Amino acid sequence: MDSTSASTSTPATGPDGQTEQPVVVVCVGMAGAGKSTFMHRITSHLHATKEPPYVMNLDPAITYSPYQSNIDIRDSVNYKKVMEEYNLGPNGGIMTSLNLFTTKVDQVIGLLEKRAAPDPENPNRKPVKHILVDTPGQIEAFVWSASGSILLDSLASSFPTVIAYVIDTPRASSTSTFMSNMLYACSILYKTKLPMIIVFNKTDVKDAEFAREWMTDFEAFQAALENDQSNNAFGGEEGSGHGSGYMGSLLNSMSLMLEEFYRHLSMVGVSATQGTGIDDFFEAVKEKADEFRRDYQPELDRKRAEREENKKKQREKELDKMMKGMAMGGTASTSAVGDIEPEDDNMEPLSPDEDSDDEIDDEQDREGLQARYEASMQHQADSTGADASFAKYLHSQRG
Ligand SMILES: Nc1nc2c(ncn2[C@@H]2O[C@H](COP(=O)(O)OP(=O)(O)OP(=O)(O)O)[C@@H](O)[C@H]2O)c(=O)[nH]1
C-alpha cells in the first residue's frame, strides 16, 4: 500500500541547522471516530519511549480531554462566550474560535520552533520530535475554513506535516460507508495537499483487514459490492441499507477512480483503547514525513517564493501609487528598504530657522518620505500583528 520509501529522503534540519525537525501529525476525523482517544494513545506511547511530544488541541468545544496539551485553544478562546457574543450556533462558534486563534498563529509557530531547537539555557531538555495536533470533529470547520488553511499552511511551512485521518472501522465496513469515508479522505487530501495516513481505529471491534484488501485489490472490492448488491445490504453492519442498480454502478465507478488515490496513502489499523497498531502508525508517520520532505517541500518552497514575490510587487505598486498621488514622482523600489537610515533624523521637530527656510530640498524630502513609508511597510510585514503577551501567556499556562 505504501508507495514511498524512506531511503531517498532529504535530511531536514531545525532552526539551529543541526537537529532534525519534528514531524507535525494533524489528527482529523469525523465526530466519534476516536481522535481524542487516539491522541491520548499516541501521546502516552511517545512518553513511554522517552520522546515526549509537543501537543496542541485545536478543538475549542471539548469539555474534557484525556491527554495534556502544551497549547490548548481553550486557554485563549472561550467557545461558549464566542457563541453568546456573536449569536452563533455550535459550528459557527467553532469556526469563529478558530478564526480568533488563527490571529495568533505566528506566536504559536514561534513557540513550536523554540521547542524544536535545543535550549541553550537548558541543555538537558531535548528538542521534540513530534508535534501532535487534535482538531474538531466537525471536519469541515477545520479543513474547509480559512483559519484551518492558514493553520495548516503555517505548520507545513515550518515543519514536515502529515494528516492522520481517523476512521471508525466498524462504521465503515460496508461497501457504501467505506466508499463515503474514502471520498471524504480524498477531498481532505486534495484540499490540504499534505501526505495522509488513513488510521482505521477501533480494530478491537472490527478488524481492518477488509479495508486493506479493498484498497489494494480492486476485484475484492467488486466482489464485496456484488455481494452487498445481491443481499440489498449497502448499509452493511451499520444499518439495513437498500441499494438500487444505480447505487451499485456508482460505487463501482468511484472505486475505479479512487484506485489512483489509494496509491498515495498509507493505511494502518489501530485500536486506540487497546494500543495495538501504534508502532505501525509511527512507521507510517516516518515514511510520510520523508515523502513530505522529498515531494511536498519543494512545491511549498516554490509557492512561498511566489507569494513573497507577489507581495513585493504589490508593495512596490502601492508605494508607487502613493508617491504619484502626492505628486512627488519617482519610481518606488522596496529594494531600498535595507538601506534605510534611522528615521529619527527626519522626525526631529524643525527649528524656527529651518521652519521658515523656503529652500528645503525637494529631492531630499521625497527620499525621506519614501524611506519612512518603506520602513513602515517593512515593519508591518515583519510583525503581522504579533502580541508578545500571548506567548508569555501560553508559557505561563503550560510551563
Ligand atoms: N472499542 C473502541 N472504542 C473506541 C476506540 N477509540 C475510541 N473509542 C470510543 O469511541 C468514542 C469516541 O471517542 P473520542 O475519542 O471521544 O472520539 P473523537 O473523534 O475525539 O470525538 P469528537 O471529540 O466528537 O470529535 C468513545 O466512546 C471512545 O471510548 C477504540 O479503539 N476501540
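Quick notes on the rules
Residues numbered from 1 in each chain as written. Predicted model: local features only at pLDDT ≥ 70, side-chain atom pairs only at ≥ 80, totals over all residues. Heavy atoms only, no water. UniProt positions renumbered as here; feature names shortened; annotations may be inferred. Helix = DSSP H or I, 4+ residues; strand = E, 2+ residues; numbered from the N terminus. Contact = heavy atoms within 4.5 Å. Areas by Shrake-Rupley, 256 points an atom, 1.4 Å probe, with all protein chains shown as cover. Salt bridge = Lys/Arg side-chain N within 4 Å of Asp/Glu carboxyl O. Buried < 20%, exposed > 50% of the residue type's maximum accessible area, 1.4 Å probe, protein only. Core = buried A, V, L, I, M, F, W, Y, C linked by side-chain atoms within 4.5 Å. Near = heavy atom within 4 Å. Polar contact = N/O pair within 3.5 Å; in protein donor to acceptor, adjacent residues only side chain to side chain. Nonpolar A, V, L, I, M, F, W, Y, C, P; charged D, E, K, R; others polar. Pairing = 2+ DSSP bridges. 1 Å grid on protein atoms, 1.4 Å probe; cavity = no way out; pocket = protein on both sides within 12 Å on 5 of 7 lines; lining within 4 Å. Points joined across faces, edges and corners; volume = space filled by probe spheres on them. Axes fitted to C-alpha atoms, helices over the stretch in contact; angles between N-to-C directions. Parallel < 35°, antiparallel > 145°, perpendicular 65-115°, else oblique.

Going by the annotation in an unreviewed UniProt entry, the name recorded for the protein is GPN-loop GTPase, with Parachaetomium inaequale given as the source organism. Note on the protein: under the UniProt heading Function (unreviewed entry), the record states "Small GTPase required for proper nuclear import of RNA polymerase II (RNAPII). May act at an RNAP assembly step prior to nuclear import." Of the comments in the UniProt record for the protein, the one headed Subunit (unreviewed entry) reads "Binds to RNA polymerase II."

Caption draft 1: Quick peek at the overall build of the protein. Counting secondary structure elements, the protein contains 16 helices and seven strands. Within the protein, contacts between residues at least 6 apart in sequence are counted, and of these 75% link residues at least 24 apart. Entry remark: accessible area of the protein is about 20700 Å², with carbon and sulfur atoms responsible for 50%.

Caption draft 2: Representation of the pattern of salt bridges. Evaluation of the coordinates by the stated rule reveals 11 salt bridges. Ionic pairing is found between Asp295 and Arg294, a salt bridge with its closest N-O pair at 3.2 Å. Assessed through its relative accessible area of 41%, Asp295 is described here as partly exposed. We note a salt bridge from Arg302 to Glu306, for which the minimum N-O separation is 2.9 Å. Pair noted here: Arg302 and Glu306 are both in helix 12 (residues 278-325), with a separation of four residues, about one helical turn.

Caption draft 3: Region of interest: the nonpolar core. In terms of nonpolar packing, the biggest core is built from 65 residues, with Leu112, Phe178, Ile198 and Phe200 touching the most fellow members. The leading source of residues in this core is helix 8 (residues 175-192), at seven residues. Not counting the four nearest positions on each side in its chain, Phe200 is found in contact with Ile167, Thr169, Phe178, Met182, Ala208, Ala211, Met215, Met267, Val268, Gly269 and Val270.

Caption draft 4: View of the site of the ligand. In the vicinity of the ligand lie 16 residues, with Lys35, Ser36, Thr37, Asp204 and Ala272 positioned nearest. Thr37 places a side-chain nitrogen or oxygen 2.5 Å from an oxygen atom of the ligand. One of the side-chain N or O atoms of Lys202 is found 3.1 Å from an oxygen atom in the ligand. Considering each element in turn, the shell around the ligand owes the most residues, three residues, to helix 1 (residues 35-48). Its residues assigned to classes, the shell around the ligand shows five nonpolar, eight polar and three charged.

Caption draft 5: Just the sheet that holds strand 7 (residues 265-269), in detail. Taking strand neighbours across the sheet as the criterion, the seven strands line up as 3-2-4-1-5-6-7 in an open arrangement whose pairing is parallel. Looking at strand neighbours, the two that pair on one side only are strand 3 (71-72) and strand 7, the edges of this open sheet. Judged from the six bridges that link them, strand 5 (residues 161-168) and strand 6 (residues 196-201) form a sheet pairing that is parallel. Bridge pairing in strand 6 places Ala164 opposite Ile197.

Caption draft 6: Inspection of unusual backbone geometry at higher detail. Backbone geometry places Lys50, a non-glycine residue, at a positive phi of 60°. Examined against the element boundaries, Lys50 turns out to sit in the loop between helix 1 and strand 2 (54-57). Here Lys193, not a glycine, exhibits a phi torsion of approximately 55°, which is positive. Looking at the secondary structure, you find Lys193 in the loop between helix 8 and strand 6.

Caption draft 7: The layout of surface pockets, seen in detail. Estimated volume of the second largest pocket: approximately 520 Å³. Surrounding the second largest pocket, 19 residues form its lining, Lys191, Thr192, Lys193, Leu194 and Lys303 being those nearest its centre. At the level of secondary structure, the elements contributing two or more residues to the lining of the second largest pocket comprise helix 7 (146-158), helix 8 and helix 12. Here the residues of the lining of the second largest pocket sort into eight nonpolar, four polar and seven charged.

Caption draft 8: Geometry of the packing of helix 8 against helix 10 (residues 218-230). Closest axis-to-axis distance for the helix 8/helix 10 pair is 9 Å, and the angle between their directions is 130°. By the angle class used here, helix 8 and helix 10 are oblique. Judged by residue contacts, Thr175, Phe178 and Met179 of helix 8 engage Phe221, Ala224, Leu225 and Asp228 from helix 10. Partitioned by chemical class, the residues of the contact of helix 8 with helix 10 number five nonpolar, one polar and one charged.

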